[in-house]
Amino acid sequence: MARADLTDLLSFVTVSQEGSFTRAAVRLGITQSALSHALKGLEARLGVQLLNRSTRAVSPTEAGQRLLRSVGPQFEQIRVELAALTELRDKPAGTVRITASEDAAATVLWPVLTRLLPSYPDITVEVVTEQALIDIVAERFDAGIRIGEHVEKDMVAVRIGPDMRMAVVGAPGYFAGRRKPRHPADLTAHLCINLRRPTRGGFYPWEFERKGEALDVRVEGRLVFTSLRLIREGALAGLGLAYLPEEHVERDLAEGRLVRVLEGWCEPFPGYHLYYPSRRQPAPAFTVLVEALRQRGAGGGRQPTV
């Protein structure tokens, strides 16, 4: 195969992954016009159209998808093998990309990074925080961090945090003149602060379980956020009940700023796990980070967010 074909195939894979000539050109370090010319030349040599182009997005055609399934993993394997050569260095080097929820990044990942990175100056870690569950393979992340029950079965899952519990809380002033809920169904009579799903657009249900009985409650209220921190602030202001990880409100409960209800309906569930594809050949930099997170998970440590 000619060198030009390999270069153009890499260009095709990059454009397909990014869904944009602009982002692909930045990633490859070439101009958009050069990238477009390379792709048109590849299509001409193959005699098929590989990309559907529009003013808003670029996506592979049926022929392009077939080619991407074939050559995409090969280029990824080359990238991994090149990264693995850092084993020959005195210290691991390279970039590790991780997607995590804001809470997981702040309470689990960040404490590890502050201890790890000073000892490994050649490792770079890119953390993208978002609530949505994404395809880490398609989005080119090395790993993700999510609640254990949300990790796909075909992924390698490493426990990096203890079990978690949710808490339904409200300010003392909120309960003045109101009857505290004794059953999850009672929440329909209360103002509740909702958390919006980032992709589907709806609200996260409040999940409860007691002695094998599970209930999902759709609540209503006057406040909707995409941030757990702001939900806590809304509860502290007396504007409604909040449904939050108990680590976020432990100090507020201890100091009387918030009152907890329905505690018997909030059972523990598997905490945060690091996950990555089972077929992945780990690079040294990635292995170092995984081991640091694994050790933290074994120790059960966690820092509450306030």
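For the structure itself, look to the data block above.
On a predicted model such as this, the values are computed, not experimentally measured, just so you know. Numbering of residues starts from 1 in every chain and runs along the sequence as written. Only residues with pLDDT of 70 or above have their local features reported here, since the model is predicted, and side-chain atom pairs are shown and tallied only from 80 upward, although totals for entire chains, interfaces and linings are computed over all residues. Each side-chain value is worked out from all heavy atoms of the structure, with water and hydrogens disregarded.

A few words on the packing of helix α2 (residues 21-28) against helix α3 (residues 32-46). Simply put, an axis is a line fit to the C-alpha atoms, just over the touching stretch for a helix, and the angle between two N-to-C directions goes from 0 to 180 degrees. Think of it this way: any DSSP run of H or I at least four residues long counts as a helix, any run of E at least two long counts as a strand, and we number them from the N terminus. Where α2 meets α3, the axes come as close as 9 Å, and the angle between the chain directions of the two elements is 100 degrees. Taken together, the axis directions place α2 and α3 in an arrangement best described as roughly perpendicular. Contacts between α2 and α3 involve F21, T22, A24, A25 and L28 from the former and Q32, L35, S36 and L39 from the latter. Counted by class, the contact of α2 with α3 contains six nonpolar, three polar and no charged residues. Angle categories: roughly parallel below 35 degrees, roughly antiparallel above 145, roughly perpendicular from 65 to 115, and oblique for all the rest. Contacts are assigned to residue pairs with any non-hydrogen atoms lying within 4.5 Å of each other. Each residue gets one of three labels, nonpolar for Ala, Val, Leu, Ile, Met, Phe, Trp, Tyr, Cys and Pro, charged for Asp, Glu, Lys and Arg, and polar for the others, Gly among them.

Moving on, we come to the environment of V96. Summarising the element assignment, V96 is placed in strand β3 (residues 94-100). Sequence separation between V96 and A283 is 187 residues; the distance between their C-alpha atoms is 9.1 Å. Not counting residues within four places of it along the chain, the set of residues in contact with V96 comprises T124, V125, E126, D142, A285, F286 and L289.

What α2 keeps buried is the set F21, A24 and A25. For α2, the angular spread of the buried residues around the axis is 100 degrees, confining them to a single face. Pairs of N or O atoms within 3.5 Å make up the polar contacts considered here, provided that, within protein, one atom can donate a hydrogen while the other can accept it, and that residues adjacent in sequence are counted only when both atoms are side-chain atoms. Its side-chain oxygen 3.1 Å from the backbone nitrogen of T22, S20 forms the N-cap of α2. Immediately downstream of α2, the backbone of G29 shows phi near 75 degrees, a positive value. Partly exposed describes any residue whose relative accessible area lies between the buried limit of under 20% and the exposed limit of over 50%, with all areas from a 1.4 Å probe on protein chains only and scaled to the type maximum. Along the arc lie the directions from the helix axis toward the C-beta atoms.

What follows deals with the sheet that holds strand β5 (residues 143-147). Reading across from one edge, β4-β3-β5-β14-β6 is the order of the five strands in this open sheet, with mixed pairing throughout. Every interior strand has two partners, whereas the edge strands, β4 (123-129) and β6 (155-159), have only one. Each strand of the sheet is rotated relative to its neighbour by a mean of 25 degrees, with strand direction disregarded. Sheet contacts for helix α5 (residues 102-116): β3, β4, β5 and β14 (272-277); angle to β4, the most-contacted strand, approximately 165 degrees. Only when DSSP finds a minimum of two bridges between them are two strands counted as paired.

Looking now at the pairing of strand β7 (residues 166-170). Put simply, side chains in a regular strand alternate between the two faces of the sheet. β7 sits mainly inside the fold: five of its five residues count as buried. One ladder, built from four bridges, connects β7 with strand β12 (residues 242-245); its direction is antiparallel. Following the sheet pairing, M166 is matched in β12 by P245. Pairing analysis gives three bridges linking β7 to strand β13 (residues 259-261), with the strands arranged antiparallel. Residue pairing for β13: V168 is matched across the bridge by V261.

Only the six-membered ring of Trp is used, alongside the rings of Phe and Tyr, when aromatic pairs are assigned; centres must lie within 6.5 Å, and planes under 30 degrees apart are stacked while those over 60 apart are edge-to-face, with the rest tilted. Summed over the entire model, instances satisfying the criterion amount to four aromatic pairs. Their ring planes at 80 degrees and their centres at 5.4 Å tell us that Y174 and F175 sit as a pair that is edge-to-face. Judged on exposure class, the residue Y174 and its partner F175 are both buried. Where Y276 meets F286, the ring centres are 5.1 Å apart and the plane angle is 85 degrees; that geometry is what we call edge-to-face. On the criterion of sequence distance, the pair formed by Y276 in strand β14 and F286 in helix α9 (residues 284-299) is long-range, its members being ten residues apart. Using a relative accessible area of 11% as the deciding quantity, one classes Y276 as buried. Taking the relative accessible area as the measure of exposure, F286 reaches 2% and is therefore buried. The structure contains a cluster of three or more aromatic residues connected by ring pairs, namely W206, F208 and Y243.

Attention shifts here to the sheet that holds β12. Two strands in a sheet stick together by hydrogen bonds in their backbones, pointing the same way (parallel) or opposite ways (antiparallel). Strand order in the open sheet formed by three strands is β12-β7-β13, and the pairing between neighbours is antiparallel. Only two strands of the sheet have a single neighbouring strand rather than two, namely β12 and β13. Direction aside, the axes of adjacent strands within the sheet are offset by 50 degrees on average. Each of β7 and β12 touches helix α7 (residues 228-236); the most contacted strand, β12, lies at about 130 degrees to it.

Quick look at the side chain of D252 now. Mapped onto the fold, D252 is located in helix α8 (residues 250-254). Residue D252 is classed as buried on the basis of its relative accessible area, which comes to 1%. Discounting residues that sit within four places of it in the chain, D252 has contacts with R232, L236, R257 and L258.

Okay, the pairing of strand β9 (residues 206-210) next. Bridging between β9 and strand β10 (residues 213-217) involves five bridges; their strand directions are antiparallel. Across the sheet, residue F208 finds its bridge partner in β10, namely L215. Counting the residues that bridge the hairpin from β9 to β10 gives two residues, and of these K211 lies at a positive phi of roughly 50 degrees.

Pairs may arise between side chains of opposite charge once their charged atoms sit close together. The term salt bridge refers to a pairing of a side-chain nitrogen on Lys or Arg with a carboxyl oxygen on Asp or Glu at a separation within 4 Å. Applying the stated criterion across every chain, the model contains 16 salt bridges. One salt bridge connects R45 with D8, and the closest N-O pair in it is separated by 2.6 Å. Taken together, the residues R45 in helix α3 and D8 in helix α1 (residues 3-18) connect sequence positions 37 residues apart. Here E233 and R232 are joined by a salt bridge, their closest N and O atoms 3.4 Å apart. When its relative accessible area of 39% is taken as the criterion, E233 is described as partly exposed. The class of R232 is buried, set by a relative accessible area of 11%. Each of the salt bridges in this network shares a partner with another, and the network as a whole consists of R232, E233, D252, E255 and R257.

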